[in-house]
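# Observations on the model geometry
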Amino acid sequence: MITNTGLNEMKDIMAYLDKVPYCVTRRTLYNAAELYEGFMTDQHQGNYGSCFDGRVYQYYLYTGKQDSSVEESLARSLHDHGIHAALRQFMGAHDPRRCVGIMGGHALPRTDAVYRDIACLSKRLTEEGFVMLTGGGPGAMEGTHLGAWMAGRTTREMEDALSMLLAVPTFRDEGWLATAFEVIRKYPQERYESLGIPTWLYGHEPSTPFATHIAKFFDNSIREDNILTLAYGGLIYTPGSAGTMQEIFQEAVQNHYLSYGFASPMIFLGKHFWTHEMPVFPLLQRLMDTGKYKNLLLTLTDDIDEIIDTLVQFHNSHQ
């Protein structure tokens, strides 16, 4: 039996849920038009704070990264539950072993040769029928989705898109979003899909508009788990720092225990970086050789063709 006190509390909660600036009953993924509603009509000023994504981020900071009330905790949980359900629907429409993730630094500038390599690799993988996914932010993540967006276009068009972005190297520079939308307007497409999985925890890093489907979460732990879990087709690690290191060992644990029934390729792009600057690859090899880790499918390379061949062979062997 619900008492008057309980009924009033329920009414208060419902009233709170109606006031939050995001939809707690959402059951679809976001896209760039929705996240940046308001910005796209003001692209030259780059008024991020006026768009939906910016407003939600400011509200998130105002109510606390660690939610300060039961009502806000419930609102965020309901929102994230809906996004998680939409992710399951998205994955149900795709071959999971064709879903490949690229991990790497959010600070990677558009002017870096690695950014170009990531974009070109992603373009080719998308053309091979793979669905690219990342954490949905700037840097290496943006490069991945740019490549997927430009799939099917000529080398000249790809070079033009890359050159359009060079004037604004990082997401901290004014015009980062505006230049991305300039590329999107010049090279529209509806054929190829890619999946970004960002979080408002890192809301100071805008989500890349090149991702056609965006699963944006409040809870970063759910977001991180989804990035690693949904890349059934394999993960490509490009130079990064602490976050990328965390993702390497999280994925190694999943593969070691065959948590989802099989191990996926772990590919490290950049021999010098992964053996000298951040010597993770020799460590993983040693752990495999000594039996501390099992089932890891490791590749170290500077060759984009080798990466594509490795992923295609893996997919073909698990059909």
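This text gives an overview of the structure that appears in the document. Bear in mind the structure is a predicted one, so any value in this text is a computation, not a measurement.

Below, the discussion takes up a negative patch on the surface. Together, Asp117, Glu128, Asp302, Asp303, Glu306 and Asp309 make up a region of like negative charge exposed at the surface. Mapped onto the secondary structure, Glu128 falls in the loop between α5 (113-127) and β2 (131-134).

In this section: the pairing of strand β1 (residues 99-103). Counting buried residues in β1 gives five out of five residues, a clear majority hidden from the surface. Alternating residues of β1 divide into Cys99, Gly101 and Met103 and Val100 and Ile102, and every residue in both groups is buried. By the bridge criterion, three bridges tie β1 to β2 in an arrangement that is parallel. Counted as the bridge partner of Gly101 is Leu133 from β2. The β-α-β motif built from β1, the intervening α5 and the parallel element β2 has right-handed crossover chirality. Relative to strand β5 (residues 234-237), β1 runs parallel, the two sharing four bridges.

Soluble, globular proteins show a tendency: their nonpolar side chains are buried together. Formed by 91 residues in total, the largest nonpolar core has its most connected members in Tyr36, Leu146, Val183, Leu195, Ile236, Phe268 and Trp274. Tallying contributions element by element places helix α8 (residues 176-186) first for this core, with seven residues. Not counting residues up to four positions away in its chain, the partners in contact with Val183 are Leu146, Met150, Ala161, Met164, Leu165 and Phe210.

Conventions we followed
Residues numbered from 1 in each chain as written. Predicted model: local features only at pLDDT ≥ 70, side-chain atom pairs only at ≥ 80, totals over all residues. Heavy atoms only, no water. Patch = residues over 30% accessible without salt bridge, like charges linked within 9 Å, V, L, I, M, F, W, Y side chains within 5 Å. Areas by Shrake-Rupley, 256 points an atom, 1.4 Å probe, with all protein chains shown as cover. Salt bridge = Lys/Arg side-chain N within 4 Å of Asp/Glu carboxyl O. Lys, Arg positive; Asp, Glu negative; His and termini not counted. Charge placed at Lys NZ, Arg CZ, Asp CG, Glu CD. Helix = DSSP H or I, 4+ residues; strand = E, 2+ residues; numbered from the N terminus. Buried < 20%, exposed > 50% of the residue type's maximum accessible area, 1.4 Å probe, protein only. Pairing = 2+ DSSP bridges. Right-handed = clockwise from strand over helix to strand, strands pointing away. Core = buried A, V, L, I, M, F, W, Y, C linked by side-chain atoms within 4.5 Å. Contact = heavy atoms within 4.5 Å.

Keep in mind these values describe shape, not function.
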